[in-house]
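Remarks on the overall topology
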Amino acid sequence: MRVICVDDERILMEDTAAMCRELPEVSDVIGFTRAQDALDWFKKNHAELALLDIDMPDMNGIELALRIKELSPDTAIVFLTGYSRYAIDAFAVRAAGYLLKPVSKEVLAKDIAYVSSLRDRSLGSKKQVTVKTFGTFDVFVDDQPVRFRMAKCKEILAYLVDRQGGTVTRPQIASILWEDRPYDRKLQKQLDVYVRSMRETLKEYGITRIFEMSRGRLRVNPEEFECDVYRFFAGDPEAVNAYRGEYMSDYSWASITEGALFWRKSPNRTTE
């Protein structure tokens, strides 16, 4: 899981972050010494757990927790503080934990393991994934849009959806998304970053099951999500009627499938 640590005392923040990095449940740790910086980060990013100091000068941890919950309702909050008097206020924001400083690695590990177990149980109930391709490309989880960190991450997933479960290699993806660039070492590393970020986003939303990667080949699992274009080609009347002539309109490479859709829907088409 991704964890953020917020403490106006840099040494304490760095110590907490270092302990987190040694725990098996933690995949990434980001530290802040200003509450506002952490809040700005949450406007474009996501974390499963926020470890917050309470007594901070620019914004106290209770207020920060409330504002984080507005941006990211599923982020768990654990407070780390030197004062017990904030406990009632802390649990009023449904904090998952309240630890008194100094915090040992053993105590921190127990709370993070607890948060991880809660998250695993939450992800155990299968989420409904819907992929929209008519018009612009978008992915929804339980009717909520998935936010990708970078546009290319979203485009890679879009291309895999367009392949309808067929496997593709990294060089094939590069030739489509960067058709004028050679597939050199620089582009390989760049593509790896995008694929990794895409996988992290899917993990954050609990929908890793829609994607597979094995021996350098990538694909989506069409049976794990609803998709308008898949239903169209299956002859679903509702999907056929929903198509209005635009398919993944942000991507020029989607024109081939768009042509196939137009041909299938054309009342004047002939068959041999």
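Residues numbered from 1 in each chain as written. Predicted model: local features only at pLDDT ≥ 70, side-chain atom pairs only at ≥ 80, totals over all residues. Heavy atoms only, no water.

Counting its regular elements, the protein chain contains 11 helices and 12 strands. Dimensions of the protein chain along its principal axes, counting C-alpha atoms only, are 80 × 45 × 30 Å. The burial tally for the protein chain puts 44% of its 272 residues in the buried class. Once local pairs closer than 6 in sequence are excluded, the contacts in the protein chain between residues at least 24 apart make up 61%. Surface exposure of the protein chain reaches about 14600 Å², of which carbon and sulfur atoms provide 49%. Charge-centre separation for the protein chain: the mean point of 40 positive side chains lies 4 Å from the mean point of 43 negative side chains. (Helix = DSSP H or I, 4+ residues; strand = E, 2+ residues; numbered from the N terminus. Buried < 20%, exposed > 50% of the residue type's maximum accessible area, 1.4 Å probe, protein only. Contact = heavy atoms within 4.5 Å. Areas by Shrake-Rupley, 256 points an atom, 1.4 Å probe, with all protein chains shown as cover. Lys, Arg positive; Asp, Glu negative; His and termini not counted. Charge placed at Lys NZ, Arg CZ, Asp CG, Glu CD.)

A few words on the packing of helix H6 (residues 151-162) against helix H7 (residues 170-177). Interaxial distance between H6 and H7 falls to 11 Å at its minimum, and their mutual angle equals 110 degrees. If you check the angle between H6 and H7, you find them roughly perpendicular. For the element pair H6 and H7, the recorded crossing hand is right-handed. Contacts between H6 and H7 involve Lys-152, Glu-155, Ile-156 and Tyr-159 on the former and, on the latter, Ile-173, Ile-176 and Leu-177. (Axes fitted to C-alpha atoms, helices over the stretch in contact; angles between N-to-C directions. Parallel < 35°, antiparallel > 145°, perpendicular 65-115°, else oblique. Left-handed = near helix turned anticlockwise from the far one by under 90°.)

Now for the pattern of salt bridges. The full count for this structure, using the stated rule, is 17 salt bridges. One salt bridge in this structure joins Asp-40 and Lys-43, with 3.5 Å as the shortest N-O distance. The partly exposed category is assigned to Asp-40, whose relative accessible area is 36%. The exposure class of Lys-43 is partly exposed, given its relative accessible area of 47%. One salt bridge connects Arg-170 with Asp-192, and the closest N-O pair in it is separated by 2.8 Å. Linking Arg-170 in helix H7 with Asp-192 in helix H8 (residues 185-204), this pair joins segments that are 22 residues apart in sequence. (Salt bridge = Lys/Arg side-chain N within 4 Å of Asp/Glu carboxyl O.)

Along its 12 residues, H6 runs 16 Å from first to last C-alpha, staying within 8% of the 16 Å computed at 1.5 Å per residue. Counting buried positions along H6 yields 9 of 12 residues, so the element is predominantly enclosed. Those residues of H6 that sit buried are Cys-153, Glu-155, Ile-156, Leu-157, Ala-158, Tyr-159, Leu-160, Val-161 and Asp-162. Positive backbone phi, at 55 degrees, marks Gln-164, one or two positions downstream of H6. (Expected span 1.5 Å × (residues − 1).)

Close contact between helix H2 (residues 35-42) and helix H3 (residues 61-71) brings their axes to 10 Å; oriented N to C, the two are set at 5 degrees. Taken together, the axes of H2 and H3 lie roughly parallel to each other. Counting all contacts with H2, which are made through Ala-35, Gln-36, Leu-39 and Phe-42, the residues of H3 involved are Leu-64, Arg-67, Ile-68 and Leu-71. When the residues that make up the contact of H2 with H3 are grouped by side-chain class, the tally is 6 nonpolar, 1 polar and 1 charged. (Nonpolar A, V, L, I, M, F, W, Y, C, P; charged D, E, K, R; others polar.)

Before going further, it helps to examine the nonpolar core. Core analysis: the largest hydrophobic core is formed by 45 residues, its most contacted members being Phe-137, Ile-156, Leu-157, Val-161, Phe-225 and Met-248. Broken down by secondary-structure element, the contributors of at least two residues to this core are strand S6 (129-132), strand S7 (138-141), H6, H7, H8, strand S11 (217-220) and helix H9 (228-233). Sort the elements by how many residues they give to this core and H6 lands first, with 7 residues. Dropping the residues within four chain positions of it, Leu-157 is found in contact with Phe-137, Val-139, Phe-148, Met-198, Leu-202, Ile-210 and Val-220. (Core = buried A, V, L, I, M, F, W, Y, C linked by side-chain atoms within 4.5 Å.)

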